[in-house]
Amino acid sequence: MPEGGSERGVRFWPACAVPQLLVLFGSQTGTAQDEAERLGREARRRRLGCRVQALDSYAVADLIREPLVIFVCATTGQGDPPDNMKNFWRFIFRKSLLSTSLCQMDFAVLGLGDSSYAKFNFVAKKLHRRLLQLGGSALLPPCLGDDQHELGPDAAIDPWLGDLWKKIMGLYPVPLDFPEIPLGVPLPSKFIFQFLQEVPSVGTEGLKLASSDPQRPPSELQPFLAPVITNQRVTGPQHFQDVRLIEFDITDSSISYAAGDVVSIMPSNSETHTQQFCQLLGLDPKQFFMLTPREPGVPHPPGLPQPCTVSHLVSQYLDIASVPRRSFFELLACLSPPGLEREKLLEFSSARGQEELWEYCNRPRRTILEVLCDFPHTAAAIPPDYLLDLIPRIRPRAFSIASSLLAHPGRLQILVAVVQYQTRLKEPRRGLCSSWLASLNPERGPIRVPLWVRPGSLVFPETPDTPIIMVGPGTGVAPFRAAIQERVAHSQTGNFLFFGCRKRDQDFYWQTEWQELEKKGSLTLVTAFSREQEQKVYVQHRLRELGPLVWELLDRHGAHFYLAGNAKYMPADVAEALTSIFQEEGQLSSADAAAYLARLQQTLRFQTETWA
């Protein structure tokens, strides 16, 4: 088995003599980090020196000495910065910073967001303005990548990057005798795999992954291995979707949570897919290895034990079930032996091949593993050194917590819709995390799931007399169950829930619980069963029907309005229903109704949590 990948004779201009680019990212789910690393690769191809770092790992005071910086940042929740850039965010908005602080810096901002949210790419827009205020010189207007676009964020990013590199290379030319490294030549791998001949006696995997300090809250680097107590299907047998209520025991952890918080769960690849991947690449799953960075200062991959087995790497770390990005095909083409497979991969990597790549990969949602099966000679030729460059890390999945510790001490519950759908491919598409969670059966023996809790985007009022209106169709109702349980435990009334589903006997989650709370006067429940009559009825229709009540709660009683669920149509439909109510019940003009809704959003009296 090879211990190192070939560098194919690539020569780099000495680092001290080339322009230095700094790429800083703020990433919540990993997408911004992927884009930042893409920028790093493209810079190296152009012979630029480049460092890629998370914003909060960078000494922000050093920005005054940086000549060229690209910021890549996501927007989360209600226009919030990601967790790994919050310290930077606080620093950069200090009023004491001079307007000439960054006068030597050329910069650009690449934003990643979701246009279904009111504060679409808010962080990128605000950061761009702030850098200008501090004297920075913008190379380009900010790029606003959108998850809702049919082609994803790359629809905006690809043309923007083309303009960015033209600008940078014009301002920071490299010597003419060091031309750009062509796409068919691989850059050196980040790490060298050193396979061990003997089984190590210490450092076995898993020991470093669990949170061993009961006083320290679990995190992504040290999750809590929570026992699964129950895993129950809560949709009827005739319902098209398998939805699970899963309960975890968090008694032995230091986890605490409140309504609106989310739990992050790290899934695993199936044993079948792990074995198939190892066979394709000719890897021994039981083989131990150590990783050595090729360049000084490169951090070890987070969450990956040293030493580690190939099986652990593939099952717990490499996201072989994800749909590959164009950068995957670019590197795969470099590693492919001469022949038809390499020609096709080079075509997929080219600008002219993007439409064909979309049809082959993105439209049918073909996975990395399936692509490798389609290119078997290439898969067999992949040097192990390049695995971490080629395949992204499995990212945690976030779920709204559907319970309150006041109602379920020592427990944490989530509501999971198992993702499964058909494309033109024979095999159904399955969500990695939801399918994995659904397969866990605690009745067959103890099962533990790595998880940790972080604040969510929904924040509920602490004042006891503030009413809340919650619109949560389908699994969007999950965070509102936690809020209702919490408020009822504190004897808070004024809880109004608009719940929508298809049929009351198939997917009416927590029906009995809601009805009991109604009898006690703790909840006002309004339902919309879309498939129980000829004309479909949704939550926005119920809002319009109860327009006078909604207006009175918002305008006279200072109610907070919450919306959670699928991002495709529902948020826009609900917003339209609200502006209609404001016009009819509040006698507002169209412009004033829109301004009223905007004020609710700005003051966090209208909050949303949606997903694609």
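As the structure is a prediction and not an experimental result, all values here were calculated from the model.

1. Examining the overall build of the chain
Working step 1: Within the chain, the secondary structure is distributed over 19 helices and 22 strands.
Working step 2: Across the 612 residues in the chain, those meeting the buried criterion constitute 52%.
Working step 3: Intrachain contacts of the chain at a sequence separation of at least 6 include 77% that bridge at least 24 residues.
Working step 4: For the chain, the accessible area works out to roughly 28,100 Å², and carbon and sulfur atoms hold 52% of it.

2. Description of the pattern of salt bridges
Working step 1: In the structure shown here, the tally under the stated rule is 29 salt bridges.
Working step 2: Linking arginine 38 and aspartate 158 is a salt bridge whose minimum nitrogen-to-oxygen distance equals 2.7 Å. Within this pair, whereas arginine 38 is found in helix α1 (residues 31–45), its partner aspartate 158 is found in helix α4 (residues 154–171), the two being separated by 120 residues in sequence.
Working step 3: For arginine 38, a relative accessible area of 14% gives the class buried.
Working step 4: One salt bridge in this structure joins glutamate 359 and arginine 363, with 2.9 Å as the shortest N-O distance.
Working step 5: Connected through shared salt-bridge partners, Glu35, Arg38, Glu42, Arg46, Asp154, Asp158, Arg325 and Arg326 make up one network.

3. Regarding the UniProt feature "domain: Flavodoxin-like" (unreviewed entry) in the chain
Working step 1: In the UniProt entry, the feature "domain: Flavodoxin-like" (unreviewed entry) is given for residues 21–165.
Working step 2: With 32% helix and 23% strand, residues 21–165 has end C-alpha atoms that lie 12 Å from one another.

4. Quick notes on the environment of glutamine 420
Working step 1: Checked against the element boundaries, glutamine 420 lands in strand β15 (residues 420–421).
Working step 2: As for glutamine 420 and leucine 318, which are separated by 102 residues in sequence, their C-alpha atoms are 21 Å apart.
Working step 3: Not counting residues up to four positions away in its chain, the partners in contact with glutamine 420 are Pro428, Arg429 and Arg430.

5. Some words on unusual backbone geometry
Working step 1: Residue proline 307 follows glutamine 306 across a cis peptide bond; omega there is -10°.
Working step 2: Along the chain, proline 307 turns up in the loop between β11 (288–293) and β12 (308–309).
Working step 3: Phi is positive for asparagine 121, close to 55°, though the residue is something other than glycine.
Working step 4: As for its position among the elements, asparagine 121 is in the loop between β4 (106–113) and α3 (122–133).
Working step 5: Judged by relative accessible area, asparagine 121 falls into the buried class, the value being 0%.
Working step 6: Despite not being glycine, glutamine 587 has its phi angle at roughly 55°, a positive value.

6. A few points about the pairing of strand β2 (residues 49–54)
Working step 1: Pairing analysis gives six bridges linking strand β1 (residues 20–26) to β2, with the strands arranged parallel. Each bridged residue has a counterpart across the sheet, and for leucine 24 the counterpart in β2 is glutamine 53.
Working step 2: This β-α-β element, β1 to α1 to β2, shows right-handed connectivity.

7. Remarks on the UniProt feature "domain: FAD-binding FR-type" (unreviewed entry) in the chain
Working step 1: UniProt feature "domain: FAD-binding FR-type" (unreviewed entry): in the numbering of this structure it lies at residues 221–462.
Working step 2: The distance separating the terminal C-alpha atoms of residues 221–462 is 32 Å; by composition the span is 30% helix and 21% strand.

8. Notes on the side chain of threonine 367
Working step 1: Along the polypeptide, threonine 367 turns up in the loop between α9 (354–362) and α10 (368–374).
Working step 2: Residues within four places of threonine 367 in sequence aside, it is in contact with Ile320, Ala321, Ser322, Val323, Pro324 and Arg429.

9. Brief notes about the pairing of strand β8 (residues 224–233)
Working step 1: Of the pairings in the sheet, the one linking β8 to strand β17 (residues 448–454) comprises four bridges and is antiparallel in character. Pairing of alanine 226 across the sheet is with valine 449, part of β17.
Working step 2: Note: β8 against strand β9 (residues 243–249), five bridges, orientation antiparallel. If you follow asparagine 231 over to β9, its bridge partner there is isoleucine 246.

10. So, the environment of arginine 294
Working step 1: The topology assignment puts arginine 294 in the loop between β11 and β12.
Working step 2: Placed 104 residues apart in sequence, arginine 294 and lysine 190 show a C-alpha to C-alpha distance of 5.5 Å.

11. Considering the packing of helix α7 (residues 326–335) against helix α8 (residues 340–349)
Working step 1: The N-to-C vectors of α7 and α8 enclose an angle of 145°; their axes lie 8 Å apart at closest approach. For the element pair α7 and α8, the recorded crossing hand is left-handed. Mapping the contact onto sequence places Arg326, Phe329, Glu330, Leu332, Ala333 and Cys334 in α7 and Arg342, Leu345, Leu346, Phe348 and Ser349 in α8.
Working step 2: Looking at the contact of α7 with α8 residue by residue, the classes come out as seven nonpolar, one polar and three charged.

12. Describing the sheet that holds strand β13 (residues 397–400)
Working step 1: The sheet built from six strands is open, its strands ordered β13-β10-β17-β8-β9-β14 with antiparallel pairing. Edge positions in the sheet fall to β13 and β14 (411–417), since each has one partner strand and no second. The sheet shows a mean angle of 40° between the axes of neighbouring strands, taken without regard to direction.

13. Things to note about the state of the cysteines
Working step 1: A full pass over the atoms with the stated rule returns zero disulfides.
Working step 2: Looking at the unpaired cysteine 278, the closest cysteine sulfur is the one in cysteine 308, lying at 11 Å.
Working step 3: Using a relative accessible area of 3% as the deciding quantity, one classes cysteine 278 as buried.
Working step 4: Cysteine cysteine 361 is unpaired, with the sulfur of cysteine 373 as its nearest cysteine sulfur at 13 Å.
Working step 5: Looking at cysteine 361, the relative accessible area reads 0%, which means it is buried.

14. What to know about the nonpolar core
Working step 1: Counting 42 residues, the largest nonpolar core has Phe277, Leu313, Leu318, Leu372 and Leu387 as the members making the most contacts within it.
Working step 2: Sort the elements by how many residues they give to this core and α7 lands first, with seven residues.
Working step 3: Non-local contacts of leucine 318, meaning those with residues more than four positions away in its chain, are made with Asn269, Phe277, Leu313, Leu387, Leu388, Ile391, Pro392 and Ile394.
Working step 4: Among the nonpolar cores identified, the runner-up in size contains 28 residues, and Ala478, Phe480, Ala483 and Trp510 belong to it.

Parameters at a glance
- Residue numbering note: each chain is counted from 1, following its sequence as written.
- Owing to the predicted nature of the model, reporting of local features is limited to residues with pLDDT of at least 70; listing and counting of side-chain atom pairs is limited to 80 or more, with chain, interface and lining totals taken over all residues.
- Values reported for side chains reflect all heavy atoms of the structure, with hydrogen atoms and water molecules removed beforehand.
- Labels follow the DSSP assignment, with helices taken as runs of H or I lasting at least four residues and strands as runs of E lasting at least two, numbered in each case from the N terminus.
- Exposed residues in this analysis have more than 50% of their type's maximum accessible area, buried residues have under 20%, and partly exposed residues fall in between, with area computed by a 1.4 Å probe over protein chains only.
- Throughout, a contact is declared for two residues whenever any of their heavy atoms are within 4.5 Å.
- Every accessible area reported is derived by Shrake-Rupley at a probe size of 1.4 Å, with residue values counting cover from the shown protein chains alone.
- Salt-bridge detection follows one rule: a side-chain nitrogen of Lys or Arg within 4 Å of a carboxyl oxygen of Asp or Glu.
- UniProt positions are given in the numbering used here, feature names are shortened, and annotations may be inferred rather than shown by experiment.
- At least two bridges found by DSSP between two strands is the condition for calling them paired.
- The handedness of a crossover follows from its direction of travel: if, with the strands pointing away from the viewer, the path from the first strand over the helix to the second runs clockwise, the crossover is right-handed.
- Every angle, taken between N-to-C directions, lies between 0 and 180 degrees, and every axis is a line fitted to C-alpha atoms, over only the stretch in contact when it is a helix.
- Each crossing gets its handedness from the near helix: less than a right angle anticlockwise from the far helix is left-handed, clockwise is right-handed.
- Three classes are used, and their members are as follows: Ala, Val, Leu, Ile, Met, Phe, Trp, Tyr, Cys and Pro are nonpolar, Asp, Glu, Lys and Arg are charged, and the others, Gly among them, are polar.
- Disulfide: a pair of cysteine sulfur atoms within 2.5 Å of each other.
- Side-chain atoms within 4.5 Å link the members of a nonpolar core, which is a set of buried Ala, Val, Leu, Ile, Met, Phe, Trp, Tyr and Cys residues.

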